[in-house]
Amino acid sequence: MPENKDKNYIRVIKSRVNNLKNLSVDIPRKKLVVISGLSGSGKSSLAFDTLYADGQRRYVESLSSYARQFLGRMDKPDVDDIRGISPAIAIEQKVKTRSPRSTVGTSTEIYEYLKLLFSRIGKTYSPISGKIVKRNSVSDVVNYVGGLQNNNKILVLVPIILPEGRNLLQQLQILMQQGFNRMLHKGETKRIEDFVDEKTKSGKNDVPYLIIDRLISSDDDNMRSRLADSAETAFYEGKGQCLIMNLSIEGKPIEKFSNKFERDGIVFEEPSVNMFTFNNPYGACKKCEGFGNVIGIDEDLVIPNKSLSVYDDAVACWKGEKMSEWKHALLDCSDKFDFPVHRPYLQLSEEEKEILWNGNSYFEGINQFFKYVEEQTYKIQYRVMLSRYRGKTTCPECKGTRLRKDANYVKVAGKSISDIVKMQLNDLYSFFKTIKLDGNQRKIAHRLLIEINNRLEFLNDVGLGYLSLNRLSNTLSGGESQRINLATSLGSSLVGSMYILDEPSIGLHSRDTDRLLKVLKRLRDLGNTVIVVEHDEKVIKAADNIIDIGPDAGEHGGELVFQGSYDQLKDNDISYTALYLTKRKQIVHPAFRRKPRNYLEVKGAIENNLKNIDVKIPLNMLCLITGVSGSGKSTLVRDIVYPALRRKFGGYADKLGKFSSLEGDISSLGAVEYVDQNPIGRSSRSNPATYLKAFDEIRQLFANQPLARQRRYKPGYFSFNISGGRCDNCDGEGEVKVEMQFMADIHLRCDVCQGKRYRDEVLEIKYNGKNIADILDMTINNAIKFFGEGKDLSLNEKKIVEKIKPLQEVGLGYLRLGQSSNTLSGGEAQRVKLAYFLSKGSLGTPTLFIFDEPSTGLHIHDISKLLKSMNALIEIGHSVLVIEHNNEIIKSADWIIDLGPEGGDKGGEIVFEGTAEDIVKCKKSFTGKFLND
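What you see is a predicted model; the values in this text were computed from it and never measured.

### Some details on the overall build of the protein
If you tally the helices and strands in the protein, you get 35 helices and 33 strands. Considering only C-alpha atoms, the protein reaches an extent of 120 × 85 × 65 Å along its principal axes. Taken across its 933 residues, the protein has 53% of its residues classed as buried. Surface summary for the protein: the accessible area is close to 42,600 Å², and the carbon and sulfur share equals 46%.

As structure tokens, then:
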């Protein structure tokens, strides 16, 4: 191969990472490269475990000697050689931050630029008069007098300020000693020494003004110079004040100047960067410490059913013989201030809600009721009652803005920083594109506006225009989080890097994929190599180079099936990707649809962008919620349907979204399960075998072996979670953590047990020639064969196969039994949970299963397995509700609810309800349009 090929390609020579079989591939640099293949074929092994791992290792190698002392112990990827590799940046679909302080604004760095913008060009407005607050200077005084007509008689005055412990006469004596000899008293100019004599005789205490200077206004430079000196003296003597009296105008008006930052009797803080930082004690709201919410009385707990009126016991705490006295107090006097006691709480105006909560002169509101309860907390029943209604509630002081109150007095183009972070990103982009600033402000803000506009443009281009800057990072989906990181990377404008992305199209409607591609191509055009692990048809077609790994998953994958352009791929007969993209192989969709019989009905949903919609969700069938990104799908399902049902069935649920009522055939359900993409266990010790409870049976099987019985090893001895048989050096983790001060901690294989987790004497116990470490290293497919599929099985073996078989059925047969749960993608974690429910068989209790984008990480070939598993749940009496964008799953659904038509404030409406055959006829539906195409 020519030597210069290394300059144009990243060459991977014989990679054996995970299931890769001596895979060699030349990846073209500065191109958009898509790695495709079945789930578990080895795509992530090539992209993340080979390319990114080696890129990261080489980066650390370039650091200080302190860092390099660990490199001998850092595992290199199992590969002969990698040449031409660039600095690697991995953008995964994991929500990495759980911090309640991290927001979209802080993670994209836009908030950092906003703080600078407001501290540099922000104008402070008085909350009393609404007028601008500014500090006057000597030049303001000179310019004011210069603007008057010539030959006006001017007095430069200051109020005489008495220092502590000094009376007026003493102060006047000191002023005379300093050279001042005139003062203004009751509108008359007097000599100070004459006034002192009068004052001694009269004994009156009124405080006069000190005359600093007397002038005649003119255009003369000498006058301006003299006035400047006098104003300087006035600011000093008047402790920041300077008064100009015009004797030539009737009424002798006084113009006040202050070199303090004050207005309307209030001294304001001058804008600074820290003033707008809610992560800093200086700028954070003192009550909530910058979190935006506090533990207080939760409105949703006090008024759980907002479709009820006060008369119908909407206020849950005002029930019972004693507590209802508070309700009757309101009912008895409601006519005096025209309070609508029969109107549902949901329909009350903000003023009426304010009266209900804070009371008025006629009755005491809900807040006063809880103050009374707090006073009685020495009694156990009142403590119990108070705890029942406590929860996270919006901070009453900062109203959820997180900032100190006076930070919102500062405005740019008429908006405070809190107004800006609440705006949708697409509206915010328009605002900054058309922002009107004066000449000086524009010069100061020029560079900041470039950075803000660039980042906002990227966020809109990746389809996130419906988010706002104050949206918490930990409430984002994996796909949203990844696209935010992608936009942030674009904003940093790196060149010559290698970006590795893990399914960036997740969570994106087909309509928005084109915008994502535009961003990926822009990243490539900057001079970067963009490597994308992807299943989406549009992304694969748009790639400069396609690398297809396979042909199958797990041990039957790990080979290079194809490399080249899309036109070349179309003729390939081995690649599943090629077969499905050219429609030579297709998913068989159901010949008939289940007919809706029972419904769950949500009425009056108005949370976030939902526009007071009524939604009927059919039960005992596969029901799909779809729509463009930001149309309100997650709000409806995650914030209303799921928590409302959880509370109905007596479980704990997070904050409940706003809706009128939940009706329909709820009695036909007994439980609800939200199967999301969160890890199956926070601990690195969690794995598929422990999650599905198969590991209990495996340990029992090893404890039953003759050598184990002879040594009296109990099942617990084979656990890596408790001391006994596990390796003492790594405590059964298989790896040790090395804390690095300057970057993420490094995890290295334990050099005592070599990653096997157990002591040598435990590994001597074997079952059919395999020790427990060998079993944990098996794939699910191999384990099912090993434990005797199709032969006479012992009770333990039967239970093991029964518990892990559902993993194979949901397309996860390539996972290893002991694979750490924190290495699973969001889609894999979701399908492990699905397998868990399938492993339990008929649950007895009819359950509504809610899935959030279960197609994540799935090749088209594997989607049929997922559909089969979902239908298996329905066949044993359950209901399935899915949030999804994947066209293959939409085609297989019994019932489709399409939200939209757009995202953000232009969404939140029901566009369509019905079958796949009918949605393609709906012209308003983007889903129908792409399904038809």
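### Describing the pattern of salt bridges
Throughout the structure, instances matching the rule amount to 47 salt bridges. Taking the shortest distance from any N to any O, the salt bridge between glutamate 451 and arginine 447 comes out at 2.8 Å. Of this pair, glutamate 451 and arginine 447 both sit in helix H17 (residues 439-461), separated by four residues, roughly a single helical turn. Salt bridges sharing common partners tie together Glu109, Arg447, Glu451 and Arg455.

### Section: the nonpolar core
Ile698, Phe718, Ile772, Phe787 and Phe851 are the most contacted members of the largest nonpolar core, which totals 73 residues. Per element, the largest residue contribution to this core is seven residues, and it comes from helix H32 (residues 860-875). Beyond its immediate chain neighbours, meaning those up to four positions away, phenylalanine 851 contacts Val675, Gln830, Leu834, Met870, Leu873, Val880, Leu881, Val882 and Ile883.

### Section: helix H9 (residues 221-237)
For H9, spanning 17 residues, the distance from its first C-alpha to its last is 24 Å, which sits close to the expected 24 Å at 1.5 Å a residue. All of the buried residues in H9 are Met223, Leu227, Ser230, Ala231, Ala234 and Phe235. For H9, the buried positions fall inside an angular range of 140 degrees around the axis, keeping them on one side. Turned more than 90 degrees away from the buried face of H9 sit Asp221, Asn222, Asp229, Glu232 and Tyr236, all of them exposed. If you follow the buried residues of H9, they end up packed against helix H6 (138-146), strand S8 (153-159), strand S11 (209-216), strand S12 (241-246) and strand S13 (254-258). One or two steps after H9, the chain reaches lysine 239, where phi turns positive at roughly 50 degrees.

### Notes on unusual backbone geometry
For the bond running from glycine 550 to proline 551, omega is 0 degrees, close enough to zero to count as cis. Here asparagine 151, not a glycine, exhibits a phi torsion of approximately 70 degrees, which is positive. By the secondary structure assignment, asparagine 151 is in the loop between H6 and S8. Look at asparagine 151 and you get exposed, because its relative accessible area is 59%. One non-glycine residue, lysine 399, lies in positive phi territory at about 55 degrees. Assignment of secondary structure puts lysine 399 in the loop between strand S17 (390-394) and strand S18 (410-411). The exposure class assigned to lysine 399 is exposed, which follows from its relative accessible area of 60%.

### Thoughts on the side chain of threonine 488
Residue placement: threonine 488 occurs in helix H18 (residues 478-492). Not counting the four nearest positions on each side in its chain, threonine 488 is found in contact with Ser107 and Thr108.

### Quick notes on the sheet that holds strand S7 (residues 132-133)
The sheet built from three strands is open, its strands ordered S7-S6-S18 with antiparallel pairing. Strands with a single pairing partner mark the edges of an open sheet, and in this sheet they are S7 and S18. Taken together, the two bridges between strand S6 (residues 123-125) and S7 define a ladder with antiparallel strand orientation. Within the sheet, the bridge partner assigned to threonine 124 lies in S7 and is valine 133.

### Things to note about the packing of aromatic side chains
Within the structure shown, the criterion is met by 27 aromatic pairs. Seen from their ring centres, tyrosine 372 and tyrosine 382 are 6.2 Å apart, and the 90 degrees between their planes marks the pair as edge-to-face. In this pair, tyrosine 372 is assigned in helix H13 (residues 366-375) and tyrosine 382 in helix H14 (residues 380-388), connecting sequence segments 10 residues apart. The buried category is assigned to tyrosine 382, whose relative accessible area is 5%. Here a set of aromatic residues connected by ring pairs shows up, and it is made of Trp318, Trp326, Phe369, Phe370, Tyr372, Tyr382 and Tyr389. Lying across the ring of tyrosine 599, lysine 616 places its NZ or CZ 4.9 Å from the centre. The cationic tip of arginine 757 hangs over the ring face of phenylalanine 720; the distance from NZ or CZ to the ring centre is 4.3 Å.

### Quick look at the sheet that holds strand S27 (residues 671-675)
Either a parallel or an antiparallel arrangement is found when strands of a sheet pair, and the pairing is made through backbone hydrogen bonds. Taken together, the six strands give an open sheet; going across it, the order is S27-S30-S31-S25-S32-S33, and neighbouring strands pair in mixed fashion. For this open sheet the edge positions go to S27 and strand S33 (909-914), each flanked by a neighbour on one side alone. On average, each strand axis in the sheet is inclined to that of its neighbour by 15 degrees, with strand direction left out of account. Across the sheet, helix H23 (residues 633-648) is in contact with strand S25 (622-627), S27, strand S30 (847-852), strand S31 (879-883) and strand S32 (895-900); its angle to S27 comes to roughly 145 degrees. Running over the sheet, H32 touches S25, S30 and S31 and is turned about 145 degrees from S31.

### Examining the packing of H6 against H9
Geometry of a packed helix pair, given as the angle between the helix axes and the separation of the axes. Two elements in contact, H6 and H9, have axes separated by 9 Å at closest approach and are oriented at 135 degrees. One element, H6, and the other, H9, form an angle in the oblique class. In terms of crossing hand, the pair formed by H6 and H9 is right-handed. When H6 is examined against H9, the residues Val138, Val141, Val142, Asn143, Val145 and Gly146 are found in contact with a partner set consisting of Met223, Arg224, Leu227, Ala228, Ala231, Glu232 and Phe235.

### A few points about the packing of helix H16 (residues 425-433) against H17
Here H16 crosses H17 at 150 degrees, and the two axes come no closer than 9 Å. Taken together, the axes of H16 and H17 are roughly antiparallel relative to one another. The interaxial crossing formed by H16 with H17 has left-handed handedness. Of H17, the residues touching H16 (which contributes Leu425, Asn426, Leu428, Tyr429, Phe432 and Lys433) are Leu449, Ile452, Asn453, Leu456, Glu457, Leu459 and Asn460. For the contact of H16 with H17, the residue count by class is eight nonpolar, three polar and two charged.

### Describing the environment of isoleucine 35
Following the sequence through the fold, isoleucine 35 ends up in strand S3 (residues 32-37). The exposure class assigned to isoleucine 35 is buried, which follows from its relative accessible area of 0%. When the C-alpha positions of isoleucine 35 and phenylalanine 926 are compared, they lie 28 Å apart, and in sequence the two are 891 residues distant. Excluding its chain neighbours within four sequence positions, the residues that come into contact with isoleucine 35 are Lys43, Leu46, Ala47, Ile531, Val532, Val533, Glu534, Ile547 and Ile549.

### Quick look at the state of the cysteines
In the structure shown here, the tally under the stated rule is zero disulfides. The thiol of cysteine 317 is not disulfide-bonded; the next cysteine sulfur, from cysteine 333, is found 16 Å away. Judged by relative accessible area, cysteine 317 falls into the buried class, the value being 1%. As a non-bridged cysteine, cysteine 922 has cysteine 623 as the owner of its nearest cysteine sulfur, 16 Å distant.

Rules behind the numbers
- Residues numbered from 1 in each chain as written.
- Predicted model: local features only at pLDDT ≥ 70, side-chain atom pairs only at ≥ 80, totals over all residues.
- Heavy atoms only, no water.
- Helix = DSSP H or I, 4+ residues; strand = E, 2+ residues; numbered from the N terminus.
- Buried < 20%, exposed > 50% of the residue type's maximum accessible area, 1.4 Å probe, protein only.
- Areas by Shrake-Rupley, 256 points an atom, 1.4 Å probe, with all protein chains shown as cover.
- Salt bridge = Lys/Arg side-chain N within 4 Å of Asp/Glu carboxyl O.
- Core = buried A, V, L, I, M, F, W, Y, C linked by side-chain atoms within 4.5 Å.
- Contact = heavy atoms within 4.5 Å.
- Expected span 1.5 Å × (residues − 1).
- Arc of directions from axis to C-beta.
- Pairing = 2+ DSSP bridges.
- Phe/Tyr/Trp six-rings, centres within 6.5 Å; stacked < 30°, edge-to-face > 60°.
- Lys NZ or Arg CZ within 6 Å of the ring centre and 35° of its normal.
- Axes fitted to C-alpha atoms, helices over the stretch in contact; angles between N-to-C directions.
- Parallel < 35°, antiparallel > 145°, perpendicular 65-115°, else oblique.
- Left-handed = near helix turned anticlockwise from the far one by under 90°.
- Nonpolar A, V, L, I, M, F, W, Y, C, P; charged D, E, K, R; others polar.
- Disulfide = S-S within 2.5 Å.

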